[in-house]
Amino acid sequence: MLKNTFCHIPGVSVSGERRLWDSGVRSWDSLSNARLPRRLSDSLATHIRDSFRSLKDGSPNYFSERLQTNQHWRLFPEFRASTAYLDIETTGFGHGSFITTIAVYDGRSIYHYVKNMNLSDFAEDIKRYSLIVTYNGKCFDVPFIENQFGIRLGQAHIDLRYVLKSLGYKGGLKACEKSFGIDRDELSGVDGYFAVLLWNDFVKNRNPRALETLLAYNIQDVVNLETLLVLAYNLKLKETPFLDALRLPLPSPPPLPFRADPKTINRIRTENPWQGGAFTRWH
């Protein structure tokens, strides 16, 4: 879809892009044969040359900096091979809160990072990717990571919260999953606040099942991000003339390295009859 995109060019709106498509200019390659006003043609040609160069260089930032946030879905799948689906779990929002686990999925392999184990490895490992995908990561995950690690994540960033909102899907990640019929099985009902309880149980009771359940939950988030992105991508294509040519198949979920422990989940629920918190809305 990226090679059919013109709304990253200064002066070309989404509606202006539609007019270009309707006039027969449906891709960067077709611009040379188009009959357009000289000034518009020259401007498009200059920016299209830059676009080809950035695509060849594997530089999605050129496009993400020029596209509206809800149009970042267009970066996919051209940069899919260098994409990391990212999600963090923390102990809260306030002063003194910290990251407990991070999950990363790149469409092939799953990586997990745990406080006091291998969490520090994340800062170097994430450099392998040029594009990250999150849900509400622009407001939560990325600022939290940057603050805790003292780094800047300079990758292009698709935040699915904004893409899905533009399609009419609102609420947190779990609400969007339910809208698409995605079932979490034994993790159903587990949310960001419950993830805090799992970490506390692991630390206080030295319960390895609690950590395994937390990691299963964290990893399920990133695996589902890929599915949601493909679903959103195909829905956005319906707004263009390119659905039949560019539609993507749903990805096959990978084998998951951890399983939730129902006994631990049920015990924590019994011990904490009230469950809820600031995380529940978006996590």
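Residues numbered from 1 in each chain as written. Predicted model: local features only at pLDDT ≥ 70, side-chain atom pairs only at ≥ 80, totals over all residues. Heavy atoms only, no water.

Looking now at the overall build of the chain. Counting its secondary structure elements, the chain contains 11 helices and five strands. Radius of gyration (C-alpha) of the chain: 21 Å, near the 19 Å computed for a compact globule of 283 residues. Considering only C-alpha atoms, the chain reaches an extent of 70 × 35 × 30 Å along its principal axes. When the accessible surface of the chain is split by element, carbon and sulfur atoms take 48% of a total near 13,600 Å². (Helix = DSSP H or I, 4+ residues; strand = E, 2+ residues; numbered from the N terminus. Rg over C-alpha atoms; globule rule 2.2 N^0.38 Å. Areas by Shrake-Rupley, 256 points an atom, 1.4 Å probe, with all protein chains shown as cover.)

Okay, the nonpolar core next. Counting 67 residues, the largest nonpolar core has Phe6, Phe63, Leu75, Phe76, Tyr85, Ile158 and Leu160 as its most contacted members. For this core, the element with the most residues is helix H9 (residues 208–237), which contributes 16 residues. Each residue touching Phe63, except ones within four places of it in the same chain, is listed here: Leu2, His8, Trp28, Ser51, Ser54, Leu55, Leu75 and Phe79. Listed in part, the 17 residues of the second largest apolar core include Leu86, Phe122, Ile126 and Phe144. (Core = buried A, V, L, I, M, F, W, Y, C linked by side-chain atoms within 4.5 Å. Buried < 20%, exposed > 50% of the residue type's maximum accessible area, 1.4 Å probe, protein only. Contact = heavy atoms within 4.5 Å.)

Attention shifts here to the packing of helix H8 (residues 192–205) against H9. Between H8 and H9, whose axes approach to 7 Å, the crossing angle comes to 150°. Comparing their axes, H9 and H8 come out roughly antiparallel. Crossing hand, H8 versus H9: left-handed. Here Gly192, Ala195, Leu198, Trp199, Asp201 and Phe202 of H8 come into contact with H9, specifically with Pro208, Ala210, Leu211, Thr213, Leu214 and Tyr217. For the contact of H8 with H9, the residue count by class is nine nonpolar, two polar and one charged. (Axes fitted to C-alpha atoms, helices over the stretch in contact; angles between N-to-C directions. Parallel < 35°, antiparallel > 145°, perpendicular 65-115°, else oblique. Left-handed = near helix turned anticlockwise from the far one by under 90°. Nonpolar A, V, L, I, M, F, W, Y, C, P; charged D, E, K, R; others polar.)

Turning to the packing of aromatic side chains, a few remarks are in order. Counted according to the given criterion, the structure contains 13 aromatic pairs. Ring centres 6.1 Å apart and planes at 15° place the aromatic pair Trp28 and Phe63 in the stacked group. Here Phe63 lies in helix H3 (residues 61–64) and Trp28 lies in the loop between helix H1 (14–22) and helix H2 (38–56), a separation of 35 residues in the sequence. The residues Trp28 and Phe63 share a single accessibility class, namely buried. Relative to Tyr233, the ring of Trp73 lies with its centre 5.6 Å away and its plane at 70°, an arrangement referred to as edge-to-face. One end of the pair, Trp73, is in the loop between H3 and strand S1 (83–90); the other, Tyr233, is in helix H9, and 160 residues separate them in sequence. One aromatic cluster is present, built from ring pairs that chain together Trp28, Phe52, Tyr62, Phe63 and Phe79. Positioned above the aromatic ring of Phe98 is the side chain of Lys115, whose terminal nitrogen or guanidinium carbon lies 4.7 Å from the ring centre. (Phe/Tyr/Trp six-rings, centres within 6.5 Å; stacked < 30°, edge-to-face > 60°. Lys NZ or Arg CZ within 6 Å of the ring centre and 35° of its normal.)

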